[in-house]
Amino acid sequence: MTNHWIDIQNSDCILIMGSNAAENHPISFKYVTKAMEKGAPLINVDPRFTRTSAKADIYAALRSGTDIAFLGGMIKYILDNNLYNKEYTAAYTNASFLVDESFGFKDGLFSGYRKNSGDGPSMGGYDKSSWAFQMDDKGIPRMDKTLKDKHCVFQLMKKHYERYDIDTVVKVTGTAGKDLLKVYETYTATGKTGKAGTIMYAMGWTQHTVGTQMIRTMAMIQLLLGNMGVAGGGVNALRGESNVQGSTDHCLLWHIWPGYLKTARASNDTLEAYNKKYTPKSNDPLSANWWQNYPKYSVSLLKSFFGDKAIPENQFGYTWLPKVDDGAVYSWFDLFDAMYKGNLEGFFAWGQNPACSGSNASKIRKALEKLDWMVNVNIFDNETGSFWRGPGAEPSKIGTEVFMLPASVSVEKEGSITNSGRWMQWRYQGPKPLGNSRPDGDIIMELGHRIKEKYKASDGVFKHPILNLKWDYETNGAYDPHKAAKEINGYFVKDVTVKGKLCKKGTLVPSFAWLQADGSTSSGNWLYCNSYTEKGNMSARRSKKDAANNIGLYPEFAWCWPVNRRILYNRASVDPKGHPWDDKQWVIKFAGESKDGKYTSKKWLGDVPDGGWYPLENPDGTRRSDAKQPFIMRKHGFGQIFGPGRADGPFPEHYEPLECPVEKNYFSSRMVNPTAVVYSTKEDGHASCDPRFPFVGTTYRVSEHWQTGLMTRPQKWLMELQPNVFVEMSEELAKLRGIKNGERVLVSSARANLECTAIVTKRFKPFTIGYATVHQVGIPWHYGWRWPATGTEESANLLTPPAGDPNTRIPETKAFMVNVTKL
Amino acid sequence: MSKSIFIDTTICTACRACQVACKQWHDLPAEETINVGSHQNPRDLSFETYKLVRMKEEIINGKLEWLFFPDQCRHCEEAPCLEAAYDESAIYRDDATGAIIYTRETRKLDADDIIAACPYDVPRKAADGTLAKCDMCNDRVHNGLKPACVTACPTGAMNFGERDEMLGLAEKKLKMAREKFPKARLLNPDEVNVIYLVGFEPELYSEYAVAGATRKGGISRSVALRRMVSPLARLMRV
C-alpha cells in the first residue's frame, strides 16, 4: 500500500476492484465503514456479487480479465470530460514529457516488438529504445507544460485510449453501460482538488497475463485525479498474508535482493559494474533520484552478508554471490518447470503448499516426483509433503525422499511482521513451541551451521561464500530475533564521521541517509534502516498518540518503512508552494519562515515528508533551485503516466486472457498479451475458444479459510462454515446444464477435472460479450485431499492455467476456461 | 438497567467471526455440515450453535441484495420462555446483566413448550430435552469483558453496553441508515436487549426476525394458565 489500512477512513470514494475486501481482508471494513459513514461512496467491481458487493453503494459486474478495458474507458472518460486534476497532472506527472518521435502503437503492438522465435515460455518482447523520453542538451527530459505537443505523454495517452469508448468497453467487459457510467462518474469526482479516491486491489488484479498493467492503469487514473500522496488516496495492494509485505521487502522473490536491490546477473561481473548498471543517473538538479544512493545500500548489504570478510580488496565479497545468467528467469513457474523436466535435485518447501497453491497443480505434483529429496518445513503435513501418496500417485514408483521438519506457529515465536501498510510490528512469544517443533529461525540457523561444517570438513567446491558468511544471530545457542532485527537495521562497523557527527563503531545506524558505500556501514536491508536504532526497537512502540494532522497516522505505533513515512509520495499532497491540496485532511505542510516572498528556513509538519527539501516554489511563485520533485524514487522525479519500464508497453492495453471465450479482441487483432509467458510441456495444456470449455472460470478465497487451508481445514469450527469446495454459477447456467443447487458437479479445464458442490446463485449473471452470452463460474482454492479425511475436496489450482504476466510471471489463475457438467 | 447488544445489520459483512467466537468461548463442538448450495452454515441454530449468521439473496426494488442477519437470543425484557418455564432453577434472568440464562435443569421442562413460547424461534433442545441458547457471555460480562461475538466483530456491527447507551446508539445509527435505506427500522427495541437494525423488511432476513410476524410467539394453554397465576407466584417467591 502507498497509504495504509487506517487511512482508508480518510477517503472520499473507495473503489474495491480486483479484491474482495469484506471477505478476504475483513478488518479493512472497519475503515471502509468509517469512510462510508462520513459519506464516501463504496464502489465494487467484480465478476461476482460478493459480500463486498453486498455493502457497496454501486456494484458493477465485469467479465474476468477485462479490467484494462474497464479502466481504459475511465481514462477516456476523464480526458473527454476534462475531469483530470490539471495542476497536479502538469506539475507532478510525466504527462508533459515528450516521447521519442519514433514511438508508436499499431493494432495492439507498441513499436519495437520482437516475437520470440524460441520455444518460450515468453511469447515475445520489446526493444524499448523508441519508448525513451526526448532529452534537452543538458540531458533533462523535454517537457511541454501546456500538454499540447503531439509527442507529449498526455497527447499520446489521449490517442491510445481514444478506442476505449463506452460501446467497445461494454462489448468486452459485459458490464451494463449505465453501471459503467455510474462508476466512472462517481469515482472521477475525486479529481477535484481536496477530494481523495482510493483503490483497494489484490490478487484479482495481479493474477492475469496482463496483471501488472491492470494496476498500472489504475495508477495512471490516480495520477490524473491527483490521488497519489494524499490522505484517503493512493494505490493500495491488500496483501494476501499478514507478512507478505515483509517477505517481499526481504527478497522472497528471485529477482531482488533485500530492499528491492537487483539480483546480480552474470554480466555484472564486478561490484563496480553491478552498481553502475543499477544506479540511475539524472542530470536534473530538481530530481532527488533517490536510487543514486544504490551503491551505499548494496555495499552495506554485502557487509551484512560477510562481515569482516567483506573488504574493498575483494569487492566486499561481491564475487562470492551467485549470479543469474542473463536472460534466465527463476520465477515460481520456471522453478517447477525445471523440476518437472528433471533439472532440480532437491527442494525446500518452506511454509508453503505448492501441491495446492500453484497454478496447474497437477504439473507441480508430478514435478515433485522427479526430485531426489524434498524437505517440507511446515506446522502440519500437507498435500506437498504427502504428494507421493496423493490421488493418482504410485508410491512404489516415486524415488523422492521426503523429510518433514515441524515448525512452530507464529504465536509461538518472537519477531516482526510487516503488514500491507508497510508497518513493521513487533510481536512477542505467546505459548512455547509444541513438541519437537522449532521456530524457523532456529531451523535456518542450525541448517547454516551444519552446511558450514560440511564445507569445512570436505573442502567443498566454491566454499568461500559459505565459509565467509556471517552467521551469528544467536544468543545462548538459540536464534535471537533482536539480533536479526538489528542486523537488518544495520550498524557502523568502525568509527566514522557522517554529516559532521562522529558515529561510534558498533552503534546502530539511525537511518539510511547515514549508510556509506565505503564499507564503514553494514545494513541487511536499507529500507528498514531506522527500524531498530540506539533509541530502541521502533517496531515495538505502541503509542496511540496521533500526529498533528490527526488523520490516523499514529507515528509512534510500530514503525513503517521508509523512515516511518506513513503515506508514500506525500510531497505530492501539497501544491508547489508547500500548501496542502486538502486543508482538512492534510498529510504534510510546509511551515518554514519566509521573507520578502521567499522561504528562508525549512520545516515540515505532519507525516515524515518524502524528503525535507524546500517546496518547489516560493510564496511569491518564483521557482527554487534547491527543491526536489515529489516522486523521489523515480529517476526524473515525476509520477509515471507513461511507464517505459514495463515489459508489455508504456501504456496498458487490453488483451484477452490466454484462455478466453471470445474469438475477437475488439481493441486490436492481437488476442493475447504478445509478451505473456506460456509453458509448453505436455502437462501445460490450454484451450481458448474451445467448445469443450465454454465457460469463464476464476478462483478466489473465502473469509472462512486461509490460503491452501492448511491452518483452517483441520479446524472444525471453520470446516463447519465452509465444508466443501464449491462452484458458484448463475441460475441461467444451472438451468442450461440441468444442475440443481447443492448437488455435486464436475468442473473441467484443459488440465484437470474437479468435483465441486454447486451453489446456484443470483450473484452470478451471464454476460453479454459482443453479441454472445458468456457464463462465468468461480471456485475457492482453499481445499486439498489431505483434509477433510474424505479426500474428496481438492484444489481448484488443478484447473488453473500455465500462463503468466511478463513482468512478474504471476499465473493467470483469475481467468481461464472450464466446462461444468452434472456428475 | 440491563446490558444490551446492538446489531447493525447494514454494516455486517457476514465474515462470521461472531459465529466462530461464540463456539470458541462456549467450547461448542462443530457440527458436521455439508454445503447445500449456500454460504450459510450450519443451516439453523441448534443445541450446539447459539449464534448463526443467516444469509439471504433477495431482489429488492429490482436490485440484488445479500442480507446478513447474525441471529441469536434477544434476551427479552419480559422473556416468554422464562414465563413459560416458571422454574428459576432452569431459566432465570440475571438481574445484574439482564441475560436470560438456561441451566441444565431445563431438561426437566417441556422443551417444546419453551421453544413455542419464543417469538424469535431461538431455544434448541438436545436429545435429552436440555435446552440451550446464547447466554450473552454472562461469565465474560461479569468479569468486565464484552460478549465474545462483539469483541470479534471487525466492522462495528456488533455493539455492547448499558441498555440506554445501546438504545441511543441504535437511534443514532437508524437515523444514519435511513439515508440509504428508507425502510430501515429497529426490531422490537422496547422488548429486547439484543436490538437489531435492519435496512429492509425484517421478514426478508429471517422468518422470526421480528416478534409476532408468523406462527411463533403464540402461547400454549399451559403457559397461558401459568401467566394468569404468575403475578401471584412472583409475590410468593419474594
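Fair warning: this is a prediction, and the values are worked out from it, not measured in the lab.

**Describing the packing of aromatic side chains**
Residue and element names in this part refer to chain A. On inspection of all chains with the given rule, the structure shows 55 aromatic pairs over all chains. Ring plane angle 75° and centroid distance 5.1 Å describe the contact between F49 and Y59, whose orientation is recorded as edge-to-face. With F49 in the loop between strand 2 (42-45) and helix 3 (51-55) and Y59 in strand 3 (residues 58-60), this pair connects stretches of sequence that are 10 residues apart. Exposure remark for Y59: the relative accessible area of 21% places this residue in the partly exposed category. Summarising the aromatic geometry, the rings of F306 and W320 are spaced 4.9 Å apart at their centres and angled 80° between planes, so their arrangement reads as edge-to-face. Taken together, the residues F306 in helix 13 (residues 294-306) and W320 in the loop between helix 13 and helix 14 (332-340) connect sequence positions 14 residues apart. Accessibility expressed as a relative area gives 4% for F306, which makes it buried. By relative accessible area, W320 is classed as buried at 12%. The cationic tip of K86 hangs over the ring face of Y84; the distance from NZ or CZ to the ring centre is 4.7 Å. Sitting over the face of the ring of W586, K589 holds its NZ or CZ atom 4.4 Å from the ring centroid.

**As for the confidence of the model for chain B**
Do not read the fine detail of predicted coordinates wherever pLDDT is low. Of the residues in chain B, 89% have a pLDDT of 70 or more, and the chain-wide mean is 92. For this predicted complex, the interface confidence reaches an ipTM of 0.95, while the overall pTM sits at 0.97.

**Section: helix 16 (residues 361-368) of chain A**
Residues and elements named next belong to chain A. Counting buried residues along helix 16, seven of its eight residues qualify, which places the element largely inside the surrounding structure. Inspection of helix 16 places A361, S362, K363, I364, R365, A367 and L368 among the buried residues, and these make up the whole buried set. On the buried face of helix 16, the contacting elements are helix 14, strand 12 (346-350), helix 15 (354-357) and strand 13 (373-378).

**Topic: a nonpolar patch on the surface**
Residues and elements named next belong to chain A. Together, F348, W373, F403, L405, L447 and I451 make up an exposed nonpolar region whose accessible area comes to about 450 Å². If you list the elements that add at least two residues to the nonpolar patch, you get strand 14 (401-406) and helix 17 (440-458). Looking at where I451 falls in the secondary structure, it is placed in helix 17. According to the relative accessible area criterion, I451 is partly exposed, its value standing at 35%.

**Thoughts on the pattern of salt bridges**
Overall, the coordinates contain 59 salt bridges over all chains when judged by the stated rule. Taking the shortest distance from any N to any O, the salt bridge between K463 of chain A and D459 of chain A comes out at 2.5 Å. In this structure D459 of chain A comes out as exposed when scored by relative accessible area, which is 52%. The partner of E731 of chain A in a salt bridge is K762 of chain A, and the shortest N-O contact between them spans 3.2 Å. Here E731 of chain A, found in helix 21 (residues 731-737), pairs with K762 of chain A, found in the loop between strand 34 (753-761) and strand 35 (767-769); they are 31 residues apart in sequence, far enough to count as distant. Residue classification places E731 of chain A among the partly exposed positions, given a relative accessible area of 35%. Through salt bridges that share partners, D44, R54, D71, R74, D121 and R124 of chain B make up one connected network.

**Overview of the domain arrangement of chain A**
Residue and element names in this part refer to chain A. If you check the domain split of chain A, you get domain 1 (6-110 + 144-242), domain 2 (259-268 + 288-324 + 480-539), domain 3 (332-470) and domain 4 (677-822). Every contact between the two is made by five residues of domain 1 and, on the other side, five residues of domain 3. Both sides of the domain 1 and domain 3 interface together cover about 320 Å² of buried area, and 49% of this is carbon and sulfur. Area buried by domain 1 at its contact with domain 3 is led by I6, R239 and S242, which between them contribute 84% of it. Where domain 1 touches domain 3, the interface holds zero salt bridges. Taken together, domain 1 and domain 3 are joined by one residue pair in polar contact (both at pLDDT 80 or more).

**Quick word on unusual backbone geometry**
Note the cis peptide between W561 of chain A and P562 of chain A, where omega equals -10°. For P562 of chain A, the location among the structural elements is in the loop between strand 25 (559-560) and strand 26 (588-590). Residues W787 of chain A and P788 of chain A are joined by a peptide bond in cis, for which omega reads -10°. Structurally, P788 of chain A is set in the loop between strand 37 (776-780) and strand 38 (803-804). Backbone geometry at C137 of chain B places phi at a positive 50°, although glycine is not the residue there. Tracing the backbone through its elements, the reader meets C137 of chain B in the loop between strand 7 (131-132) and helix 4 (138-142).

Thresholds, definitions, all that
- Residues numbered from 1 in each chain as written.
- Chains lettered and ligands numbered in written order.
- Predicted model: local features only at pLDDT ≥ 70, side-chain atom pairs only at ≥ 80, totals over all residues.
- Heavy atoms only, no water.
- Phe/Tyr/Trp six-rings, centres within 6.5 Å; stacked < 30°, edge-to-face > 60°.
- Helix = DSSP H or I, 4+ residues; strand = E, 2+ residues; numbered from the N terminus.
- Buried < 20%, exposed > 50% of the residue type's maximum accessible area, 1.4 Å probe, protein only.
- Lys NZ or Arg CZ within 6 Å of the ring centre and 35° of its normal.
- pLDDT = per-residue confidence, 0-100.
- Contact = heavy atoms within 4.5 Å.
- Patch = residues over 30% accessible without salt bridge, like charges linked within 9 Å, V, L, I, M, F, W, Y side chains within 5 Å.
- Areas by Shrake-Rupley, 256 points an atom, 1.4 Å probe, with all protein chains shown as cover.
- Salt bridge = Lys/Arg side-chain N within 4 Å of Asp/Glu carboxyl O.
- Domains from an automatic or database assignment.
- Buried area = accessible area lost by both parts, 1.4 Å probe.
- Polar contact = N/O pair within 3.5 Å; in protein donor to acceptor, adjacent residues only side chain to side chain.

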